[in-house]
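Examining the three-dimensional arrangement
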Amino acid sequence: MNLQHYAPKARFAQRHLLTLQDWKEDEIYQSLALALKLKAEQKAGGCEKPLAGKTLAMIFAKSSTRTRVSFEVGASQLGAHALFLSTADIQLGRGEPIADTAKVLSRMVDGIMIRTFSQSDLSQLAQHGSIPIINGLTDEFHPCQVLADLLTIYEHKGTLKGLKLAFVGDGNNMAHSLLIGCSKLGLDVAVASPKGYQPNPTYVGWAKENAEAHGSRVEITEDPKEAAAQADVVYTDVWTSMGQEKEAQERLKAFTGYQVNETLMQCAKDDALFLHCLPAHRGEEVSAGVIDGAQSVVFDEAENRLHAQKAVMALLMG
């Protein structure tokens, strides 16, 4: 698959990005191909402004570094204006119904990106609004991050289908989204999590159906070495996500043995990549030697949030 010369099979038809499960394989490839194009244009000195005169409302119920900066800068590069809205500062945070917020913003802006807790908040925005809704992160899914991950893997490996990605750690929103995004494109996915912290069975079921349709495999295990065996990519995330701070000590105990370190990386292929969505806790879910080592591409991955999200905004808001 050469994404630089990817020819779409059909017209892009999505109105929202709530989860990649809603997107077809071809639509994911279209977004990755456009991201590569926009990235190359930016590196060459600039690009066209397909969203000139448009406004993206960015609603944040959770704090952020990469999501806010990448969406704000990306909108600017596409010619749009990004409007930061903290739930602490708008009526949504004081009890205004999501339906009312959706209807009001639909008359004033051209798209909404929201970073929040409940996936149902996005569903309500999409149901009651008339503009594109983009998932900037929920407790269930993080689709923009996975698009950036897939873009990074493609840049370093030159392909996607047939590769194996191992995720070691909490079966959280990243695990769910990687299961879905990778299985949609024919990558094998293995997730290793301790008992009680494994991915949601419903989303594992989605991924297994995707994998069956695209000729790949999905594996859920409690053994990190089994997951990482012959992997092309090894991925982890923090063990305690936002909103789980009270569980931190309990989680540290539960995830003992699940650190991605030099020993675990030896189970993967010699040229395996290491990915992490950041921020990272060196010494917990990953050793400093791995995240700061030669196999780590975490800062390429972080930059690609900018370009992957530009593609999403251009496709949905253009």
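Everything discussed here concerns the structure shown above.
Below: a short report on this structure. (Residues numbered from 1 in each chain as written. Predicted model: local features only at pLDDT ≥ 70, side-chain atom pairs only at ≥ 80, totals over all residues. Heavy atoms only, no water.)

**Thoughts on the nonpolar core**
Judged by nonpolar contacts, the single largest core of 65 residues is most densely connected at Leu 32, Leu 150, Leu 160, Leu 165 and Met 313. Broken down by element, this core gets its largest block of residues, eight residues, from helix α5 (residues 143-157). Discounting chain neighbours no more than four positions away, the residues touching Met 313 are Leu 51, Leu 56, Phe 71, Gly 74, Ala 75, Leu 78, Ile 134 and Gly 318. Core analysis: the second largest hydrophobic core is formed by 24 residues, Val 168, Trp 239, Tyr 258 and Ala 268 among them. (Core = buried A, V, L, I, M, F, W, Y, C linked by side-chain atoms within 4.5 Å. Buried < 20%, exposed > 50% of the residue type's maximum accessible area, 1.4 Å probe, protein only. Helix = DSSP H or I, 4+ residues; strand = E, 2+ residues; numbered from the N terminus. Contact = heavy atoms within 4.5 Å.)

**Concerning the packing of helix α3 (residues 98-106) against helix α4 (residues 119-128)**
At a minimum axis distance of 8 Å, the contact between α3 and α4 shows a crossing angle of 50°. The angle between the axes of α3 and α4 places the two elements in the oblique class. The two elements α3 and α4 meet at a crossing, and its hand is right-handed. Across the interface between the two elements, Ile 98, Ala 99, Ala 102 and Lys 103 of α3 pack against Asp 121, Gln 124, Leu 125 and His 128 of α4. The residue inventory of the contact of α3 with α4, partitioned by class, reads four nonpolar, two polar and two charged. (Axes fitted to C-alpha atoms, helices over the stretch in contact; angles between N-to-C directions. Parallel < 35°, antiparallel > 145°, perpendicular 65-115°, else oblique. Left-handed = near helix turned anticlockwise from the far one by under 90°. Nonpolar A, V, L, I, M, F, W, Y, C, P; charged D, E, K, R; others polar.)

**Focus: the environment of Arg 251**
Tracing the backbone through its elements, the reader meets Arg 251 in helix α9 (residues 248-254). Along the chain, Arg 251 and Thr 240 lie 11 residues apart, while their C-alpha atoms are 6.9 Å from each other. Arg 251 has contacts with Asp 170, Tyr 197, Trp 239, Thr 240 and Gln 244, leaving out every residue within four places of it along the chain.

**A word on the state of the cysteines**
Using the criterion set out here, one finds zero disulfides in the structure. Here Cys 182 stays free of any disulfide, with the sulfur of Cys 277 as its closest cysteine sulfur at 13 Å. Owing to a relative accessible area of 1%, Cys 182 belongs among the buried residues under this scheme. Cys 277 carries a free sulfur, and the closest cysteine sulfur to it, the one in Cys 144, is 13 Å from it. On the basis of relative accessibility, which here comes to 8%, the residue Cys 277 falls in the buried class. (Disulfide = S-S within 2.5 Å.)

**Overview of helix α12 (residues 298-317)**
An ideal rise of 1.5 Å per residue puts 28 Å on 20 residues; α12 measures up with 28 Å between its terminal C-alpha atoms. The largest bend along α12 reaches roughly 30° and is located at Asn 304. Within α12, 15 of the 20 residues are buried, leaving the element largely enclosed by the surrounding structure. (Expected span 1.5 Å × (residues − 1). Bend = angle between axes of the 7 residues up to and from the residue.)

**Observations regarding the side chain of Ser 193**
Within the secondary structure, Ser 193 is located in the loop between β6 (188-192) and α7 (201-214). What makes Ser 193 buried here is its relative accessible area of 0%. Discounting residues that sit within four places of it in the chain, Ser 193 has contacts with Gly 169, Asp 170, Gly 171, Gln 198, Pro 199, Thr 221, Glu 222 and Tyr 258.

**Comments concerning the sheet that holds strand β8 (residues 233-236)**
Across the sheet, which stays open at both edges, the five strands sit in the order β7-β6-β5-β8-β9 with parallel pairing between neighbours. Looking at which strands have only one partner, the edges of the open sheet turn out to be β7 (218-221) and β9 (273-276). Looking at each pair of strands side by side, their axes are set apart by 20° on average, direction ignored. Two strands pair when backbone bridges link them, and β8 and β9 are joined in this way by four bridges, in the parallel orientation. When the sheet's bridge partners are listed, Val 233 is paired in β9 with Leu 273. Across the face of the sheet, α5 comes into contact with β5 (164-168), β8 and β9 while running at roughly 165° to β9. (Pairing = 2+ DSSP bridges.)

**Quick word on unusual backbone geometry**
Geometrically, the link from Leu 278 to Pro 279 is a cis peptide bond, its omega value of 0° lying close to zero. For Pro 279, the position within the fold is in the loop between β9 and α11 (288-291). Located in the positive-phi region is Leu 137, a residue other than glycine, with phi close to 145°. Mapping Leu 137 onto the fold places it in strand β4 (residues 133-137). Positive phi values are uncommon outside glycine, yet Gln 230 reaches one of about 60°. Here Gln 230 lies in the loop between α8 (224-228) and β8.

**Quick word on the environment of Thr 116**
Tracing the chain through its elements places Thr 116 in the loop between β3 (111-115) and α4. Measuring from C-alpha to C-alpha, the distance between Thr 116 and Asp 139 comes to 7.5 Å, with 23 residues separating the pair along the chain. Thr 116 has contacts with Ala 61, Lys 62, Asp 121, Leu 122, Leu 137, Thr 138 and Asp 139, leaving out every residue within four places of it along the chain. Looking at Thr 116, its side chain comes within polar contact range of the side chain of Asp 121, at 3.4 Å. (Polar contact = N/O pair within 3.5 Å; in protein donor to acceptor, adjacent residues only side chain to side chain.)

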